[in-house]
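Letter by letter, the chains look like this.
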Amino acid sequence: MKDIIGGVRLIPYGNETELEVFGEVFPSNVLSKIVALTYVRKVALKDILTIAFDFEKYLLKPSEKNIPTLPPQELIDMNQFSSRIKELERNIPNKAILSKFENHLLTSSDIEVVRMRPFELADKWNEARYEVLKLFLYSTKVGLLDLHWTILCPNCRVVTSDNVTLKQLHAESHCDTCEIKFGSDFSSSVEARFTVNPAVRNARNEMYCIGGPANIPEVIAQLRLEASEKRVEEIELKTGTIRVRCYQADGMRSIRVNETSKKEILKVSIEEGLLVFESDEIKTGLIKLEITNKPNEEALVVLERESWKENSATAAIVTSLQDFRDIFPEEAVAPGEELGISSIVILFTDLKNSTPMYQQIGDSKAFTFVENHFRYLTEFVSKYH
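As the structure is a prediction and not an experimental result, all values here were calculated from the model.

Calculation criteria
Residues numbered from 1 in each chain as written. Predicted model: local features only at pLDDT ≥ 70, side-chain atom pairs only at ≥ 80, totals over all residues. Heavy atoms only, no water. Core = buried A, V, L, I, M, F, W, Y, C linked by side-chain atoms within 4.5 Å. Buried < 20%, exposed > 50% of the residue type's maximum accessible area, 1.4 Å probe, protein only. Helix = DSSP H or I, 4+ residues; strand = E, 2+ residues; numbered from the N terminus. Contact = heavy atoms within 4.5 Å. pLDDT = per-residue confidence, 0-100. Salt bridge = Lys/Arg side-chain N within 4 Å of Asp/Glu carboxyl O.

Next up on the list: the nonpolar core. Residues L88, L144 and W149 are the most contacted members of the largest nonpolar core, which totals 51 residues. Listing elements by their share of this core, those giving two or more residues are α2 (78-89), α3 (95-107), α4 (118-125), α5 (129-141), β3 (145-152), β7 (190-196), α7 (315-319) and α8 (322-327). The dominant element in this core, judged by the number of residues it contributes, is α5, at six residues. If we ignore the near neighbours within four places in the chain, the residues touching L88 are L98, F101, L135, Y138, S139, V142 and L144. In terms of nonpolar packing, the next biggest core, distinct from the first, is built from 23 residues, A249, I255, L275 and V301 among them.

In structure tokens form, the structure reads like this:
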């Protein structure tokens with residue numbers, strides 16, 4: 001075939017949805033023309049419609065019909081899965097969280113078991129975030145999951161690098177989408193994500209569209225303005241923080257969204273290569289976004305939530321956990337690579353009069369006392385993060 005173009009359109013139709021399946025096939029010779037007229041036209045169309053009807057049945061009666069994205073059983077090695085789950089149970093006593101985890105690995109679609117974010121799943125399962133993160137770390141140890149250190153562009157949040165160890169991380173990264181270089185920061189651009197181990201389940205790691213809405217749920221709006229155009233849009237905002245940026249101008253800004261603010265209009269203008277803001281806060285709820293593009297060229301302005309940080313198990317969080325250091329004592333950044341950590345808490349403790357204590361009670365007892373002091377601190381820092 002020279003080319004195949006096809007897809008599915010979902011069109012609102014009252015309270016229902018109209019489904020349109022389309023396809024164009026461009027044969028390169030007589031044989032491929034015969035294949036196009038027989039297989040592609042009949043079999044492929046039939047397959048797509050079968051999937052569509054399966055989804056319809058699931059949506060109408062989810063209790064009676066399974067969602068048609070379950071992985072084929074031949075792609076799951078149940079012997080490996082069962083043995084590694086048993087090993088995991090020794091470190092994870094929480095049966096409820098284990099049950100949800102097992103069900104997720106066995107029944108979710110490929111895209112849901114590749115590059116998993118533990119905090120997102122914790123919220124979905126209504127479980128404590130650090131408990132799920134601990135579960136994922138121990139699952140990596142027993143071979144159920146693989147840990148990946150992903151570097152994300154601070155601009156577009158696309159994964160620019162995928163590494164299996166901290167030693168592979170570099171101090172500087174490059175985003176091909178935004179054409180920018182940026183420093184790899186443990187607390188803002190390096191995130192721990194987890195993928196099911198291929199020995200347990202063979203899941204396809206595919207991304208069909210790098211800018212697809214499913215891959216960038218944090219984006220609220222993308223507005224393209226012509227030269228010298230002014231736009232006013234009504235947008236619903238939730239409490240939190242949003243970020244406004246423009247591909248043709250510098251000056252990306254974080255805006256606070258809160259219920260106490262009386263600001264109902266967010267005014268932004270593009271002037272001489274800069275984004276200019278009238279205010280750095282706006283009220284929660286329905287607001288007006290007013291954007292003025294003054295230069296003599298079109299511009300693309302993006303409005304997005306900063307929820308990525310809230311749901312991200314950053315390298316700064318993961319590497320500071322005692323469980324991580326116990327499970328992966330050899331994990332460390334390569335010598336010479338200076339990766340930043342923009343924010344971290346350090347606790348200093350001091351045993352008063354520790355030197356005379358050794359003289360008063362003896363080296364052995366004093367050493368045991370000091371060891372207990374560290375054990376006590378480690379236990380509670382680990383427990384309360």
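Right, let's get into the confidence of the model for the protein. The predicted model of the protein averages 85 in pLDDT, with 95% of residues at 70 or higher. The element-level mean pLDDT for the protein is lowest in helix α6 (residues 307-310), coming to 71, with α5 highest at 94.

This model, assessed by the stated rule, comprises 19 salt bridges. Between D162 and R115 there is a salt bridge, with the nearest N and O atoms lying 3.5 Å from each other. With a gap of 47 residues between them, D162 in strand β4 (residues 159-163) and R115 in the loop between α3 and α4 connect regions that are remote in the sequence. Of the residues examined, D162 reaches a relative accessible area of 34% and is grouped as partly exposed. For R115, a relative accessible area of 23% puts it in the partly exposed group. Among the ionic pairs, R231 bridges to E233, the shortest N-O distance being 3.1 Å. Several salt bridges share partner residues, and in doing so they unite R117, E120, E191 and R193 into one network.

In this section: the side chain of T140. Along the chain, the position of T140 falls in helix α5. Each residue touching T140, except ones within four places of it in the same chain, is listed here: L145, D146, L147, F194 and F328.

If you trace the backbone, E131 turns up in helix α5. Among the residues examined, E131 registers a relative accessible area of 39% and is labelled partly exposed. Sequence separation between E131 and I92 is 39 residues, and the spatial gap between their C-alpha atoms is 9.1 Å.

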